[in-house]
Amino acid sequence: MKKIYTAGFDVFHPDGRAHMEALHALCRKYGFEPEPLGVPKPGMPKVSGPDGFFEKDIEMLDDCDIVAANLNSFRGFEMDCGTAFELGYAYARGKKLYGYMSDTRPVAERYGCLTDENGFRVENYGLPINLMIGCSVQIVEGTLEDCLRVIAARELKDE
């Protein structure tokens, strides 16, 4: 069974544990083994503090086959910066990268302008997100479940 890492700001949900358990149940429904967020492997000490959480995230990314990332805006116009780091790390490690967004219109169209309030240009490459993510991640419009359907069709077809 292929291991999947669910990246995104979902861990900050007000009912984080239950929310993540629901997301992981969806992963299992589509034939994937979710990386067990916050569950130390046998012999590992309990995860705590920023360094511990960082190490655990890296371990789970190294362990997984696929990353399914929530690319929706978080605390502003852009995706969660921690998720962006995880995708870059996973890309460098050769993992299969998928992401989902509720709105996949081009960035400039979603922002409604070609320059921001400070006069900086807004990317206008026709992608729904910054080109570094848009060119490295297979993006699906919809929810995690929509994304998992696509991943299962592509990644489990030979199993």
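This text follows the structure it describes.
All values reported here derive from a predicted model rather than from experimental measurement.

**Student:** Requested: an account of unusual backbone geometry, with residues and values cited.
**Tutor:** Trans peptide bonds make up the majority, and among non-glycine residues the majority have a negative phi. One non-glycine residue, R75, lies in positive phi territory at about 55°. Counting through the fold element by element, R75 comes out in the loop between β3 (66–70) and α3 (81–92). Overall, the relative accessible area of 71% leaves R75 in the exposed class.

**Student:** Which residues make up the pattern of salt bridges, and what values go with them?
**Tutor:** All chains considered together, the criterion is met by 10 salt bridges. When the shortest N-O distance is used, the salt bridge between D63 and K3 registers 3.2 Å. You can see D63 sitting in helix α2 (residues 49–63) and its partner K3 sitting in strand β1 (residues 3–7), a full 60 residues away along the chain. By relative accessible area, which is 27% here, D63 ends up partly exposed.

**Student:** Let's hear about the packing of aromatic side chains: which residues, and what values?
**Tutor:** For the coordinates displayed, the defined rule picks out 5 aromatic pairs. Relative to F74, the ring of F9 has its centre 4.5 Å away and its plane inclined at 10°; by these criteria the two rings are stacked. Here F9, found in the loop between β1 and α1 (16–29), pairs with F74, found in the loop between β3 and α3; they are 65 residues apart in sequence, far enough to count as distant. Judged by relative accessible area, which is 18%, F9 ranks as buried. Seen from their ring centres, F54 and F85 are 6.0 Å apart, and the 45° between their planes marks the pair as tilted. Here F85 lies in helix α3 and F54 lies in helix α2, a separation of 31 residues in the sequence. A relative accessible area of 43% places F54 in the partly exposed class.

Basis of the calculations
- Residues numbered from 1 in each chain as written.
- Predicted model: local features only at pLDDT ≥ 70, side-chain atom pairs only at ≥ 80, totals over all residues.
- Heavy atoms only, no water.
- Helix = DSSP H or I, 4+ residues; strand = E, 2+ residues; numbered from the N terminus.
- Buried < 20%, exposed > 50% of the residue type's maximum accessible area, 1.4 Å probe, protein only.
- Salt bridge = Lys/Arg side-chain N within 4 Å of Asp/Glu carboxyl O.
- Phe/Tyr/Trp six-rings, centres within 6.5 Å; stacked < 30°, edge-to-face > 60°.

Fair warning: the whole summary comes from geometry, so function is off the table for now.
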